[in-house]
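Notes for the structure review
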Amino acid sequence: MAKSGLAARLYRGEADLNIVGRRNLWFGVAGVLVLIAVLSFAISGFKLGIEFAGGNTFQVPASVGTLDRAEQTVDEVLADEAPGVEVVSAQKVGSTSGEFYEMRTGQLSAEQANAAKAAMAEEFGIQADQISGSQVSEAWGSQVTSRAFLGLLIFIAVVSIYLVLRFEWRMAVAAIISLLTNLVLTAGIYSLVNFEVTPSTIIGFLTILGFALYDVVVVFDKVQENTRGITANNNVTYGEASNLALNQSLMRSLNTSVVALLPVGGLLFIGAGLLGAGTLKDLGLVLFVGMAVAFLTSILLATPLLVLLKNMDPRISAHNKRVLSRRAALARGEITPKGAPRAAPAADAPIDPEAAALAGAAPKVGARPAGKRPSGARGGRPAGGGGNRPGGKRR
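All values derive from a computational prediction rather than experimental measurement. (Residues numbered from 1 in each chain as written. Predicted model: local features only at pLDDT ≥ 70, side-chain atom pairs only at ≥ 80, totals over all residues. Heavy atoms only, no water.)

The terminal C-alpha atoms of helix α5 (residues 110-124) lie 21 Å apart, and with 15 residues this matches the ideal 21 Å at 1.5 Å per residue to within 8%. What α5 keeps buried is the set A113, A116, A119, M120, A121 and F124. Turning to α5, the residues buried within the fold contact β2 (55-61) and α4 (67-81). (Helix = DSSP H or I, 4+ residues; strand = E, 2+ residues; numbered from the N terminus. Expected span 1.5 Å × (residues − 1). Buried < 20%, exposed > 50% of the residue type's maximum accessible area, 1.4 Å probe, protein only. Contact = heavy atoms within 4.5 Å.)

Below, the structure written as structure tokens:
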């Protein structure tokens, strides 16, 4: 016997999860989360990397000791050489020339940076040329941000045109709202958890848009298949057909998300956590968070939004009313379902003699009229020959 567990029913598209029917719940949850994210933007803001806020970077050989000790030493040096400036972030990075501790600090002048570099070399007991330093202006981060917003606008415009041509404008609106919600929620997580925003983060934000769009298009393609010609019958509403499409494509979306998250998780936890690749951490973190949020928004938000917009269409609204009216009539017993046998009269029901006589006298469908048959050997045909030949002797 085939298994009837939830996983098996999900694979067969028979889980019958009422996702669209509970759309008000999903809209409420999404609204609360978006509000929390916006409040976090206004109150906490973002932890900007030195590419956006401006600052200095120092690379110290890992041979000087542990990362914590190196960070503490640099903080002490900065307190003496540049009061008010401290280490913003510290991480271990690797290159072909060996492993280093990368210290990111606030903005320093050229004189302060040189003095701090010399003091670090003295504290660590190494040569000054073993410590590399660089300065990043906040103007570069602003340029990256402006280009990222331009790329986002172009992406949304191209996606909207594609969705309108491939599906319809309501699907395009639902998909774009889902994509923007995905971006806001991902950015809200960054703001709440105080993750550092770097240029790699901006690139990751643009990358997750493609993944989120793919998931939405997969679901919408199934919705279009299930709702094609839906107004020709009165069996299901548009929302029910869309919910069925969600159940049929849910396992595919889940598998796609899991398969996509596994390598990103490896990139984040192994590449950044174990190997200490800082750039991989910035990119992997936003991809991991964004893809997880994209799966939820594509399932719980995009299709329910589509159903809400389609129900405003007079043609779909009238169809839904016909379906509900027919079901109500079936429940009251006013109409008989197609293909169901008609109910036989009760055995103890009184019989009207006059009606019975009339029913008996009524001719059956296809029966010849009752009456005296015409005279003749063959029912009115001339005797002797057949058909249209004149009578006479047969040869």
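Within the fold, S40 resides in helix α2 (residues 23-43). S40 sits in the buried class, given a relative accessible area of 5%. Setting aside chain neighbours within four positions, we find S40 in contact with G45, G188, S191 and L192.

This part covers the packing of aromatic side chains. Within this structure, the stated rule accounts for 3 aromatic pairs. Arranged with centres 6.3 Å apart and planes meeting at 85°, the rings of F167 and F220 form a pair that is edge-to-face. Here F220 lies in helix α8 (residues 199-227) and F167 lies in the loop between α6 (138-166) and α7 (169-193), a separation of 53 residues in the sequence. The exposure classification of F167 matches that of F220, with both residues buried. Between Y190 and F205, the aromatic rings sit 6.1 Å apart at their centres with planes inclined by 55°, giving tilted as the arrangement. Of this pair, Y190 sits in helix α7 while F205 sits in helix α8; the two residues are 15 residues apart in sequence, bridging distant segments of the chain. With relative accessibility at 1%, the residue Y190 sits in the buried group. (Phe/Tyr/Trp six-rings, centres within 6.5 Å; stacked < 30°, edge-to-face > 60°.)

Further remarks concern the pairing of β2. The buried fraction of β2 amounts to 6 of the 7 residues, a majority that puts the element mostly inside the structure. The pairing of β2 with strand β5 (residues 132-136) spans 5 bridges and is antiparallel. Looking at the pairing, N56 lines up with Q135 of β5. Note that β2 and strand β4 (residues 98-105) share 6 bridges and pair antiparallel. Bridged to F58 within β4 is M103. (Pairing = 2+ DSSP bridges.)

Mapped onto the fold, I189 is located in helix α7. On the basis of relative accessibility, which here comes to 31%, the residue I189 falls in the partly exposed class. C-alpha separation for the pair I189 and V289, spaced 100 residues apart in sequence, amounts to 8.1 Å. In this structure, I189 is in contact with N194, F195, V289 and V293, ignoring residues within four places of it in sequence.

Among the secondary structure elements, E168 is positioned in the loop between α6 and α7. Take E168: its relative accessible area is 19%, and that puts it in the buried class. For E168, the residues in contact, after removing those within four places along its chain, are L163 and K310.

Below, the discussion takes up the nonpolar core. If you look at the biggest cluster of nonpolar residues, it comprises 58 residues, and the most contacted ones within it are L163, M171, F220, V223, Y238, I299 and L306. Secondary structure elements with two or more residues in this core: α6, α7, α8, α9 (238-274) and α10 (278-310). Element by element, the count of residues in this core is highest for α10, at 14 residues. In this structure, F220 is in contact with F167, M171, A174, A175, A302, T303 and L306, ignoring residues within four places of it in sequence. The next biggest cluster of nonpolar side chains, apart from the first, holds 22 residues, and it includes A62, A70, V77 and I131. (Core = buried A, V, L, I, M, F, W, Y, C linked by side-chain atoms within 4.5 Å.)

Bringing the packing of α2 against α7 into the picture now. Axis separation between α2 and α7 bottoms out at 8 Å; the angle between their running directions is 50°. When the axis of α2 is compared with that of α7, the two are oblique. The hand of the α2/α7 crossing is left-handed. Touching L33, V34, I36, A37, S40 and F41 of α2 are T181, V184, L185, A187, G188, S191 and L192, all from α7. (Axes fitted to C-alpha atoms, helices over the stretch in contact; angles between N-to-C directions. Parallel < 35°, antiparallel > 145°, perpendicular 65-115°, else oblique. Left-handed = near helix turned anticlockwise from the far one by under 90°.)

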